[in-house]
Amino acid sequence: LRIYVLITSVSPLRIFIYEEGIARFATESYTSPERSNFQKLNQHLTNYAINKKAENFKFDKENNIDGGGHKRSMSSIFSLIKERGGDVNKLWRTIKQSVVKTICSVQPILNHIYQTSQPEDLTGRMCFEILGFDIILTESLEPIILEVNHGPSLNTDTPFDNRIKSAMPQNSFEIIGNDIENRHRIMDEQKEKHEKRI
């Protein structure tokens, strides 16, 4: 799963987790790694960049259809898990807790870097970050964080990509409240503060 996370402040820490994500699948059925299959990347990795080149990769070309492609919406996978008797609420709760704990573990470092690079920040909201958490689900639906992407890809190769990846940044900008009036106000306050020092 690719989960999108927005950080709007590091002190106080403010984290927003986007409720839709992307599920990516390998193009070959998984079997336990052995010497004989170790080089079969399409069997062991779900990376889109690797699997999209496979002959049997299925693109969902329709915007609103979440069928049997190798890249699907997270909500369609959650529906499938629920149909098969899985506890989706518990899964989502565990994913969110894992995301928050991961960010909390680096919050002191993030805060130090922010304070060093933005010492005169008047609002604590001069910067934001969108992260891409890659999470793999075990057979027993235990989410395990594989990696956190500092700059998750927002490329839109298909209408499906466009649906997921255009709504998320738009939603992020609404949360941030990044409008031109606020920017001018901050610039005026900084100018006034600078003139007082002179």
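Residues numbered from 1 in each chain as written. Predicted model: local features only at pLDDT ≥ 70, side-chain atom pairs only at ≥ 80, totals over all residues. Heavy atoms only, no water.

Another point: helix α5 (residues 159-176). Here α5 is 18 residues long and its end C-alpha atoms lie 26 Å apart, about the 26 Å a rise of 1.5 Å per residue gives. Those residues of α5 not exposed but buried are Phe160, Asp161, Ile164, Lys165, Met168, Pro169, Ser172 and Ile176. Seen from one end, α5 has its buried residues packed into an arc of 135 degrees, which puts them on one side. The inward-facing, buried residues of α5 abut β1 (2-10), β3 (22-24), β4 (71-73) and β5 (129-137). Gly177 occupies a position one or two residues after α5 and carries a positive phi of about 70 degrees. (Helix = DSSP H or I, 4+ residues; strand = E, 2+ residues; numbered from the N terminus. Expected span 1.5 Å × (residues − 1). Buried < 20%, exposed > 50% of the residue type's maximum accessible area, 1.4 Å probe, protein only. Arc of directions from axis to C-beta. Contact = heavy atoms within 4.5 Å.)

The subject of this paragraph is the pattern of salt bridges. Within the structure shown, the criterion is met by three salt bridges. Asp134 is the partner of Arg2 in a salt bridge, and the nearest nitrogen-oxygen pair spans 2.6 Å. Here Asp134 lies in strand β5 and Arg2 lies in strand β1, a separation of 132 residues in the sequence. Across the pair Glu192 and Lys196 runs a salt bridge whose closest N-O atoms are separated by 3.7 Å. With Glu192 and Lys196 both in helix α6 (residues 180-197) and four residues apart, this pair spans about one turn of that helix. For Glu192, a relative accessible area of 45% puts it in the partly exposed group. Judged by relative accessible area, Lys196 falls into the exposed class, the value being 68%. Counted as one network, the salt bridges with shared partners bring together Arg2, Arg24 and Asp134. (Salt bridge = Lys/Arg side-chain N within 4 Å of Asp/Glu carboxyl O.)

Moving on, we come to a nonpolar patch on the surface. A grouping of Val106, Ile109 and Ile113 is seen on the molecular surface, where their side chains present a nonpolar patch of about 270 Å² in accessible area. Checked against the element boundaries, Val106 lands in helix α4 (residues 88-117). (Patch = residues over 30% accessible without salt bridge, like charges linked within 9 Å, V, L, I, M, F, W, Y side chains within 5 Å. Areas by Shrake-Rupley, 256 points an atom, 1.4 Å probe, with all protein chains shown as cover.)

The subject of this paragraph is the packing of helix α3 (residues 74-83) against α4. Between α3 and α4, whose axes approach to 9 Å, the crossing angle comes to 135 degrees. As far as their axial angle goes, α4 and α3 are oblique. Every residue of α4 that contacts α3 at Met74, Phe78, Ile81 and Lys82 is listed here: Val88, Leu91, Trp92 and Ile95. Partitioning the contact of α3 with α4 into residue classes produces seven nonpolar, no polar and one charged. (Axes fitted to C-alpha atoms, helices over the stretch in contact; angles between N-to-C directions. Parallel < 35°, antiparallel > 145°, perpendicular 65-115°, else oblique. Nonpolar A, V, L, I, M, F, W, Y, C, P; charged D, E, K, R; others polar.)

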